[in-house]
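Here are the chains, one letter per residue:
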Amino acid sequence: MEFVVASSVGALTAAGVYLILRLRAFAVILGLALLSYAVNVFLFASGRLAINMPPILSPYEDLAYSDPLPQALVLTAIVISFGMTAVLVMVALGAYLESEDDRIDLEDEAEEGDAPGEVSKL
Amino acid sequence: MTDDSFSLIIIALLPFLGALVPGVMIRAGRNACAIFTALPTALALVMLLLHAPAVMDGEVIKAELDWLPQLGLSAAFFLDGLGMLFAGMILGVGLLITLYARFYLSGEDPMGQFYTYLLLFQGAMLGIVLSDNILLLLIFWELTSLSSFLLIGYWKHLPEGRQGARMALAVTGAGGLAMIGGMLILGNIVGSYNLTDILAAGEQIRAHEWYVPALVLILLGAFTKSAQFPFHFWLPHAMAAPTPVSAYLHSATMVKAGVFLMARMWPALAGTPEWFYIVASVGLITMVLGAVIALFKDDLKALLAFSTVSHLGLLTMLLGFGTEAAAIAAVFHIINHLTFKAALFMTAGIVDHEAHTRDIKRLGGLAKLMPITAVIGTITALSMAGIAPFNGFISKEKMLEEAVHTVWWENPWIVPALATLGAVFSVAYSLRFIFHVFGGKVRDDYPAKPHDPPFGMWAAPALLTVLVVLIGVMPFLAEPVVNMAATAVTGHETHAHLKLWHGLTPALYLSIIAVVGGAILLALHKPLDRAWIAAPRPEAKAIFDRLLAALAGLAQRISEGSHNGSMSRYLAIFVAATTVLGYLAWSGSAAAAPSRELLPIPPVVMVGWVLLLVATASVVICHRNRFRALVVIGVIGLIISFGFVYLSAPDLALTQISVETVTIMLLLLALHFLPKATPVESGAARRLRDGVIALAAGAGVAALAYVFMLRDVSTISGFHLANSYKGGGGTNVVNVILVDFRGYDTYGEIIVLGIAGLIIFALMEALLNGPAAAKLRNTDYSQDRSRDRHPLMMVIATRVMMPVAIMVGVYIFLRGHNQPGGGFVAGLVVSIALLMQYMASGFAWTQRRQQIEYHSMIGWGVVIAGLTGAGAWLGGKPFLTSGFDYYHFPPIEEFELATAMLFDLGVFLAVLGGVMLMLYSLSRIARYAGETVNVAPMDYDPSQDDGGEGPGKSDQTERER
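Residues numbered from 1 in each chain as written. Chains lettered and ligands numbered in written order. Predicted model: local features only at pLDDT ≥ 70, side-chain atom pairs only at ≥ 80, totals over all residues. Heavy atoms only, no water.

Draft legend 1. Geometry of the interface of chain A and chain B. In this assembly, 88 residues from chain A lie in contact with 122 residues from chain B. Seen at the junction of chain A and chain B, the total is 3 salt bridges. At the boundary of chain A and chain B, one finds 21 residue pairs in polar contact (both at pLDDT 80 or more). Sorting the residues of the side of chain A that touches chain B by element identifies helix 1 (2-20), helix 2 (25-45) and helix 3 (68-99) of chain A as the ones contributing at least two each. The dominant element in the side of chain A that touches chain B, judged by the number of residues it contributes, is helix 3 of chain A, at 25 residues. Here the side of chain A that touches chain B is composed, by residue class, of 61 nonpolar, 15 polar and 12 charged. (Contact = heavy atoms within 4.5 Å. Salt bridge = Lys/Arg side-chain N within 4 Å of Asp/Glu carboxyl O. Polar contact = N/O pair within 3.5 Å; in protein donor to acceptor, adjacent residues only side chain to side chain. Helix = DSSP H or I, 4+ residues; strand = E, 2+ residues; numbered from the N terminus. Nonpolar A, V, L, I, M, F, W, Y, C, P; charged D, E, K, R; others polar.)

Draft legend 2. Up close: helix 26 (residues 603-621) of chain B. Residue and element names in this part refer to chain B. Helix length check: helix 26 (19 residues) gives 27 Å between terminal C-alpha atoms against 27 Å at 1.5 Å per residue, within 8%. When we look at burial in helix 26, the residues that qualify are Val 605, Gly 608, Trp 609, Leu 612, Ala 615, Thr 616 and Val 619. Take helix 26 and look down its axis: the buried residues cluster within an arc of 130°, on one side only. Along helix 26, the residues that are exposed and aim more than 90 degrees away from the buried face are Pro 603, Val 607 and Ile 621. (Expected span 1.5 Å × (residues − 1). Buried < 20%, exposed > 50% of the residue type's maximum accessible area, 1.4 Å probe, protein only. Arc of directions from axis to C-beta.)

Draft legend 3. Seen up close, a nonpolar patch on the surface. Together, Val 466, Leu 467, Leu 470, Val 473, Met 474, Phe 476 and Leu 477 of chain B line one region of the surface with nonpolar side chains, adding up to about 570 Å² of accessible area. Looking at where Phe 476 of chain B falls in the secondary structure, it is placed in the loop between helix 20 (455-473) and helix 21 (479-490). (Patch = residues over 30% accessible without salt bridge, like charges linked within 9 Å, V, L, I, M, F, W, Y side chains within 5 Å. Areas by Shrake-Rupley, 256 points an atom, 1.4 Å probe, with all protein chains shown as cover.)

Draft legend 4. Inspection of a negative patch on the surface at higher detail. All names here are of chain B. Where like charges cluster on the molecular surface, the negative patch consists of Asp 3, Asp 4, Asp 57 and Glu 59. Tracing the backbone shows Glu 59 in the loop between helix 2 (30-56) and strand 1 (61-68). Residue Glu 59 is classed as partly exposed on the basis of its relative accessible area of 43%. (Lys, Arg positive; Asp, Glu negative; His and termini not counted. Charge placed at Lys NZ, Arg CZ, Asp CG, Glu CD.)

Draft legend 5. Representation of the packing of helix 17 (residues 371-385) of chain B against helix 20 of chain B within the structure. Residue and element names in this part refer to chain B. Between helix 17 and helix 20, whose axes approach to 10 Å, the crossing angle comes to 40°. By the criterion of interaxial angle, the relationship of helix 17 to helix 20 is oblique. Crossing of helix 17 over helix 20 shows left-handed handedness. Note on element contacts: helix 20 touches helix 17 through Trp 458, Pro 461, Ala 462, Thr 465, Val 468 and Val 469, opposite Ile 372, Ile 376, Ile 379, Thr 380 and Ser 383. Partitioning the contact of helix 17 with helix 20 into residue classes produces 8 nonpolar, 3 polar and no charged. (Axes fitted to C-alpha atoms, helices over the stretch in contact; angles between N-to-C directions. Parallel < 35°, antiparallel > 145°, perpendicular 65-115°, else oblique. Left-handed = near helix turned anticlockwise from the far one by under 90°.)

Draft legend 6. Representation of the domain arrangement of chain B in the model. Segmenting chain B into domains produces domain 1 (293-555) and domain 2 (732-946 + 953-961). Computed over C-alpha atoms only, the centres of domain 1 of chain B and domain 2 of chain B are separated by 75 Å. (Domains from an automatic or database assignment.)

Draft legend 7. Main features of the confidence of the model for chain A. On average, residues of chain A score 83 in pLDDT, and 87% of them reach the 70 mark or higher. Every residue in residues 109-122 of chain A scores below 50 in pLDDT, and together they form 17 contacts with partners more than four places removed in sequence or on other chains. (pLDDT = per-residue confidence, 0-100.)

Draft legend 8. A look at the packing of aromatic side chains. Under the defined criterion, the tally for this structure stands at 23 aromatic pairs over all chains. Both rings, one in Phe 3 of chain A and one in Tyr 706 of chain B, keep their centres 6.2 Å apart while their planes meet at 85°; by these two values the pair is edge-to-face. One end of the pair, Phe 3 of chain A, is in helix 1; the other, Tyr 706 of chain B, is in helix 29 (residues 684-709), on a second chain. Ring centres 5.7 Å apart and planes at 75° place the aromatic pair Tyr 277 of chain B and Trp 408 of chain B in the edge-to-face group. One end of the pair, Tyr 277 of chain B, is in helix 13 (residues 273-295); the other, Trp 408 of chain B, is in the loop between helix 18 (391-404) and helix 19 (414-437), and 131 residues separate them in sequence. Residue classification places Trp 408 of chain B among the partly exposed residues on the basis of a relative accessible area of 27%. Through successive ring pairs, a cluster of aromatic residues spans Phe 276, Tyr 277, Phe 321, Trp 408 and Trp 409 of chain B. The residue whose ring lies beneath Lys 225 of chain B is Trp 141 of chain B, and the NZ or CZ to ring-centre distance is 5.0 Å. (Phe/Tyr/Trp six-rings, centres within 6.5 Å; stacked < 30°, edge-to-face > 60°. Lys NZ or Arg CZ within 6 Å of the ring centre and 35° of its normal.)

Draft legend 9. Summary view of the nonpolar core. Of all hydrophobic cores here, the largest spans 206 residues; its most connected members are Leu 130, Met 183, Trp 234, Leu 269 and Trp 275 of chain B. Top element by residues in this core is helix 15 (residues 324-355) of chain B. It accounts for 20 residues. Residues Leu 35 of chain A together with Met 665, Leu 671 and Phe 824 of chain B belong to the second largest nonpolar core, which totals 137 residues. (Core = buried A, V, L, I, M, F, W, Y, C linked by side-chain atoms within 4.5 Å.)

Draft legend 10. Highlighting the side chain of Ser 307 of chain B. All names here are of chain B. Counting through the fold element by element, Ser 307 comes out in helix 14 (residues 300-321). For Ser 307, a relative accessible area of 0% gives the class buried. If near-sequence neighbours (up to four positions away) are discounted, Ser 307 is found in contact with Ala 294, Lys 341, Met 384 and Tyr 429.

Draft legend 11. How the structure looks around unusual backbone geometry. Residue and element names in this part refer to chain B. Here the amide bond leading from Phe 229 into Pro 230 is cis, since omega sits at 0°, within 30 degrees of zero. Within the fold, Pro 230 resides in the loop between helix 9 (211-225) and helix 10 (234-237). With a phi angle near 55°, Ala 227 is a residue other than glycine that sits in the positive phi range. Using a relative accessible area of 0% as the deciding quantity, one classes Ala 227 as buried.

Draft legend 12. Structural context of the side chain of Thr 868 of chain B. Note that Thr 868 of chain B resides in helix 37 (residues 854-874). Ignoring any residue separated from it by four or fewer positions in sequence, one finds Thr 868 of chain B in contact with Thr 899, Leu 902 and Phe 903 of chain B.

Draft legend 13. Expanded view of helix 19 of chain B. Between its first and last C-alpha atoms helix 19 of chain B spans 34 Å; for 24 residues at 1.5 Å apiece the expected length is 34 Å, and the two agree. The element helix 19 of chain B is largely enclosed, with a buried count of 18 among its 24 residues.

See below:
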């Protein structure tokens, strides 16, 4: 089971990284979504895996429970990552609507900076 | 805390508190402004003087507030003789400057700002001289650099002012950075950042192998601040400031900070050959160089500036001698220099103010036109020249006497000879100040007709002139003050003997040589001046500018080389670097043996795993077809939800599946306006490179996860499991952690989510008011739309489902404390119920039928959660302490009510509001893109049949707002 989870995290990470290295905003958003899955599962797995031991206390008997703390952290992380994705989508959308394409790289704009000598003359 | 220490903290804080006032009350008038600047200063001065008797008796007053004890940083202040002297000078001259500036500044200058800067600066200076913790001292040190930058650049319209301010900031700031390093080394040597401890550990410091680096770094800070050679060049350029600033910064405060630091550190650092050769030599060079240049400056303020450089060199040299007598002389000269130099700067300011020029070559004969100013200027300039019977004479005598006794590199005459040379030039430029400005015939070509200024303007320099004469004639008056400060500098009690007449000593002969030589130099000024102008001299500003330009160019090349605007490049570097670093950390450590058994893999999990891998791979392969990639992403999210169910995390599963739904909806909405396909842009090599990076990163993460999952770990979760029911009243431990144990985190989290929602709303508003709106209107999106945009089945189903879905949300919310569920999930479920209406029946149709303000819903959520948390205060408990009890009303079974549930309600509202606001914002864009409103619940749009011509519903494409 551990191998299944670890390899899934690895596969999601690899796919996510590959996609965020693409040149278009939408691919990057997809990549970040995959990375969010990977990170969430990774964090969750840091509480170690357990089957049939949900951290719901039983009033009747003494049971073993899985680690609740990573779960609580991941729960909020899932919701926050949605917020983050939404902001990114909106930014990407705005950039696309105002600039004609949804590339993420700036090109040929670095050349236009001031000549070095001018910096000291405010 | 005793009254004494309390009052010390108040003294240190008063200028900062006072600084808030003048800046905002300039409308009340310039006088009110000046008064409210003088008030805190005067109050602090009075409180300070109340401590004077005790301090003169050798008492040290201390106050300490813990700030960051882990770092050894505390807000510790102490007041000893040296601090007393400087604090008195800072506040006393501050008062005089406040008065003088009131009359000096014109009506067009923003006076409120000026006074605020002045008080900020004053507070920073006061902090330096009162700090008992070197880290605190460093903070104030940097604050003086920053606030003096504001003061020097006060006349923002003058390029010289801006450049001078920048140069001062660059030089003193760089020195300050060096000093931070030196102070940290010092703290490490002693093992304490407490100044008192450091001063007591002088021998330990001087014997330490890190003594020299610490010394050099600290001296760099002091030398840059006190304008010592070769950092002296910033001071004359700072003269572009208004004269009150120059008078304050360059007589009593800013530049004296370096001298103060050397005096302060004297017991800890002085007395070694390194100290002597560095400090005394630099001081000597600076003194001579400053005096020589001063003689050839035609600008009154430039003359005074270089004279200040020279006198600072003198002080540095005296401190560098490392003897007790020299330290006494230094302390005495600090007082004298303050009195005559502040008065001289103010005199120069008066001349400038009245004659509209400070160019000595255009002045002369002012004694008849402005007699009061002339008297003040003459007396103080004579004192600067070191001519009896004024106070400058006595301290110069003392300096020469010390110089005579000093052997430099086995050479007994070089120090006295150079010191005398400095004195000669000092006399020459002082006499030039008198004769070329006030002496001579009255001219008829002044830019303005000069006359004496109003009383308010000459009162301050006149008061200082009285001091100059008093101390000169009756030097024993100053003895207690000098002893007080010198005792603090040297660390043991001193007995200064200040007399006007010391008898026929070598120092007196040297003084006579200086006066005669100075007079001769002045007589020869014209030919000398021509020679000076003709001689090639290095121009410090040009060198500084070139150096700065070179540095800026280097920085530009580096930053433009590494930051070329390509985000994918940064990300590639970032991921690759992280992977490599992770690998390095990994390879250097030996993991313990695995301590956990592997869990079995049942067939159904195997199927899910294969599905996940296939889905992940297909996202990568078909990411160019964006719709398809999105669908596959949804599949991945579902499998992960199943994984959470299987691995005992029901809450996570619920959250994941509902978030998945809204995420996909969001992305679908966005995709409506984005290109539907990603073009192929990167070549095979680039893709191969990215693939390698991605696989390496993935493999690293997988390996890391695999390794730690096989090993046990000690966690704090045992506490949560044990106390969830007893302390939090809930059996769903995850929920109790969220709303109780770690409620603060959750509180922050819902605020973040709310902010994200508001950001999206704001972005949407900005977009719809910008060029994007036109583009949206003019693009034809109709071919994307289905003819059957609001399918009958879906409309009916969602409307029937709506109450059920909301009921499910309420149920999930209510059971959350004890069973999987809670505010987060409930908020998501309800938002999905609402979103289904938007999807099925259309945005406008739904929007008209529900009157929910999502903004205020976020606000209410945060407020409810916050008030619930604050409610704990009523019970005397810390923020967010929860309470609960069990109730039993027949016929309902016993149930529990917890304040955590109210908190969860806040979470619910914030999540619902945030999510809805995000999707609402995106949907509103659709309305701008020509989305039509359906009139009937289910409409079939026939206009789509024949390419969009038909009877459209343009009359209903009303724009929102």
